[in-house]
Amino acid sequence: MLNYLLRRLLYMAIVLFLVSILSFYIINLPPGSWIQNYASELEASGDIVDQEELDFLNMRYGLDLPLHEQYFRWVVPLITKGDFGQSFEWGQPVWPLIEERLFLTMTISIASILFVYAVSVPIALYSAINQYSIGDYFFSFMGLIGLATPNFLIALVFMIIMLRVFGVTPGGLFSPEYLREPWSLAKFWDMLTHLPVPVIVVGTAGTASLIRILRAQLLDEFQKQYVLTARSKGLRERFLIVKYPLRMAFNPIVSSIGSLLPQIVSGSAIVSIVLGLPTTGPLLLRSLIAQDTYAAASMLLMLSVLTVLGVFLSDMLLMWLDPRIRYERAN
């Protein structure tokens with residue numbers, strides 16, 4: 001087991017190194033640079049473009065260096081000091097930019113994941129046990145609607161409902177009077193009143209997809225010989241389903257954890273923009289558009305770290321859930 005863990009850590013380090021190189025180069029593939037975008041914005045606003053200022057910014061951020069030197073200028077302080085570099089667009093270190101949005105992003109995403117599992121598992125279990133019933137047809141139809149409807153459209157509908165029915169200010173996570181206020185019990189409660197809309201909107205597609213996957217897996221497990229044998233021996237139905245088929249049906253769900261962890265940080269960028277949520281998704285999108293290399297590369301690397309950790313965690317959980325799965329060679 002120790003050898004397996006060491007191999008996985010080595011593979012993860014290699015993958016992250018390759019991803020950091022690839023993402024850094026892809027960010028710089030579009031023509032132009034942040035300096036040129038900045039000069040164009042000055043010209044568009046009627047301001048005078050000072051060439052000396054542009055040359056100073058080029059030298060300050062190292063944008064006049066070859067691309068491989070820019071990469072090492074970013075990655076070496078990141079590895080040795082944990083320094084994510086300086087954001088060109090915001091004119092400040094990258095980490096404080098990410099940090100101030102990270103808590104709200106994780107709050108929304110973790111609540112969305114809990115919502116997905118809390119809703120989808122009971123519905124999938126009911127649909128599988130009562131196959132072809134009215135309830136099964138209803139939940140299947142609602143699941144298709146959830147998969148087919150874009151999340152940003154659902155966000156707009158919920159904003160209207162929350163405003164007209166519940167009187168809650170649509171958009172954002174706080175009422176206007178709490179935006180600049182320090183954290184307090186009143187501000188926390190205000191956030192909780194705004195939290196259901198983004199949680200439901202972000203979790204809708206995941207819930208619909210999980211219901212279909214888990215229902216199909218349960219129906220497949222119900223037909224297997226060990227379930228039929230357990231039923232013939234008089235084992236209680238509820239105990240039988242929870243003990244065996246449900247546990248086996250969770251295998252593909254657990255294997256998807258690798259994609260869930262990056263969502264905790266990235267969130268849904270389009271939904272966040274529509275709802276005005278201060279998460280990392282819009283920040284990443286803006287950094288990519290502005291070619292803010294250090295900010296965009298740092299966030300993409302963070303998503304890569306969460307992806308490889310998620311895959312590793314899902315492998316460990318699969319090995320615990322299903323004793324048939326082993327990653328070591330048999331002696």
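Calculation rules
Residues numbered from 1 in each chain as written. Predicted model: local features only at pLDDT ≥ 70, side-chain atom pairs only at ≥ 80, totals over all residues. Heavy atoms only, no water. Helix = DSSP H or I, 4+ residues; strand = E, 2+ residues; numbered from the N terminus. Buried < 20%, exposed > 50% of the residue type's maximum accessible area, 1.4 Å probe, protein only. Contact = heavy atoms within 4.5 Å. Patch = residues over 30% accessible without salt bridge, like charges linked within 9 Å, V, L, I, M, F, W, Y side chains within 5 Å. Areas by Shrake-Rupley, 256 points an atom, 1.4 Å probe, with all protein chains shown as cover. Salt bridge = Lys/Arg side-chain N within 4 Å of Asp/Glu carboxyl O. Lys, Arg positive; Asp, Glu negative; His and termini not counted. Charge placed at Lys NZ, Arg CZ, Asp CG, Glu CD. Polar contact = N/O pair within 3.5 Å; in protein donor to acceptor, adjacent residues only side chain to side chain. Domains from an automatic or database assignment. Buried area = accessible area lost by both parts, 1.4 Å probe. Arc of directions from axis to C-beta. Phe/Tyr/Trp six-rings, centres within 6.5 Å; stacked < 30°, edge-to-face > 60°. Lys NZ or Arg CZ within 6 Å of the ring centre and 35° of its normal. Core = buried A, V, L, I, M, F, W, Y, C linked by side-chain atoms within 4.5 Å.

Thoughts on the overall build of the protein
What the protein contains, in helices and strands, is 17 helices and zero strands. Taken over the C-alpha atoms alone, the protein extends approximately 85 × 65 × 40 Å along its principal axes. When the 331 residues of the protein are sorted by exposure, 40% land in the buried category. A separation threshold of at least 6 residues defines the contact pool for the protein, and within that pool the share at least 24 residues apart is 71%.

Some remarks on unusual backbone geometry
With a phi angle near 65°, Tyr132 is a residue other than glycine that sits in the positive phi range. On the secondary structure map, Tyr132 appears in the loop between helix 5 (94-129) and helix 6 (134-148). Phi angles above zero are rare outside glycine, and Gln291 is one such case at about 60°. Here Gln291 lies in the loop between helix 16 (280-290) and helix 17 (293-321).

Points about a negative patch on the surface
On the surface, a cluster of negative charge is made up of Asp50, Glu52, Glu53, Asp55 and Asp64. Its location among the elements puts Asp64 in the loop between helix 3 (51-61) and helix 4 (67-81).

Some words on the side chain of Gln291
The class of Gln291 is buried, set by a relative accessible area of 7%. Polar side-chain contacts of Gln291 include one of 3.4 Å to the backbone oxygen of Pro30. Other than its neighbours up to four places away in sequence, Gln291 contacts Ile27, Pro30, Pro31, Gly32, Ser33, Trp34, Asn37 and Phe88.

Details of the domain arrangement of the protein
Domain annotation of the protein identifies domain 1 (32-83) and domain 2 (99-330). Taking only C-alpha atoms, the centre of domain 1 and the centre of domain 2 are 38 Å apart. Domain 1 puts nine residues into the contact, and the matching count from domain 2 is seven residues. When domain 1 packs against domain 2, close to 660 Å² is buried across both sides, 55% of that on carbon and sulfur atoms. Among the residues of domain 1 in contact with domain 2, Trp34, Asn37 and Trp74 are the three that bury the most area, contributing 63% of the side total. Applying the counting rule to domain 1 against domain 2 returns zero salt bridges. Considering every element that reaches the side of domain 1 that touches domain 2, the biggest residue donor is helix 4, with four residues.

Concerning helix 3
Those residues of helix 3 that fall on the buried side of the exposure criterion are Leu54, Leu57, Asn58 and Tyr61. Viewed along the axis of helix 3, the buried residues span an arc of 100°, placing them on a single side of the element. In helix 3, the exposed positions that point more than 90 degrees away from the buried face belong to Glu52 and Met59. Residues of helix 3 that are buried in the fold lie against helix 2 (34-44), helix 4 and helix 17. Immediately downstream of helix 3, the backbone of Gly62 shows phi near 75°, a positive value.

Quick notes on the packing of aromatic side chains
Per the counting criterion, the structure on display carries 15 aromatic pairs. Pairing Tyr126 with Phe139 gives two aromatic rings, centres 6.0 Å apart and planes at 85°, and the pair type is edge-to-face. Separated by 13 residues along the polypeptide, Tyr126 in helix 5 and Phe139 in helix 6 bring together distant segments of the chain. Of the residues examined, Tyr126 reaches a relative accessible area of 37% and is grouped as partly exposed. Ring geometry for Phe138 and Phe139: centres 5.4 Å apart, planes at 65°, overall edge-to-face. Here Phe139 falls in the partly exposed class, since its relative accessible area comes to 25%. Aromatic rings pair up to connect Trp34, Tyr38, Tyr61, Phe88 and Tyr294 into one cluster. In this arrangement the basic side chain of Lys187 is found over the ring face of Phe174, its NZ or CZ atom lying 4.8 Å from the centre. Across from the ring centre of Trp183, 5.1 Å away, lies the NZ or CZ of Lys187, which sits over that ring.

So, the nonpolar core
Ranked by internal contacts, the top residues of the largest apolar core, which has 29 residues, are Trp34 and Trp74. Residue contributions to this core peak at eight residues, all from helix 17. Both domain 1 (32-83) and domain 2 (99-330) contribute no fewer than three residues apiece to this core. Counting 20 residues, the second-largest nonpolar core is a separate cluster that includes Ile123, Leu218, Ile241 and Ala249.

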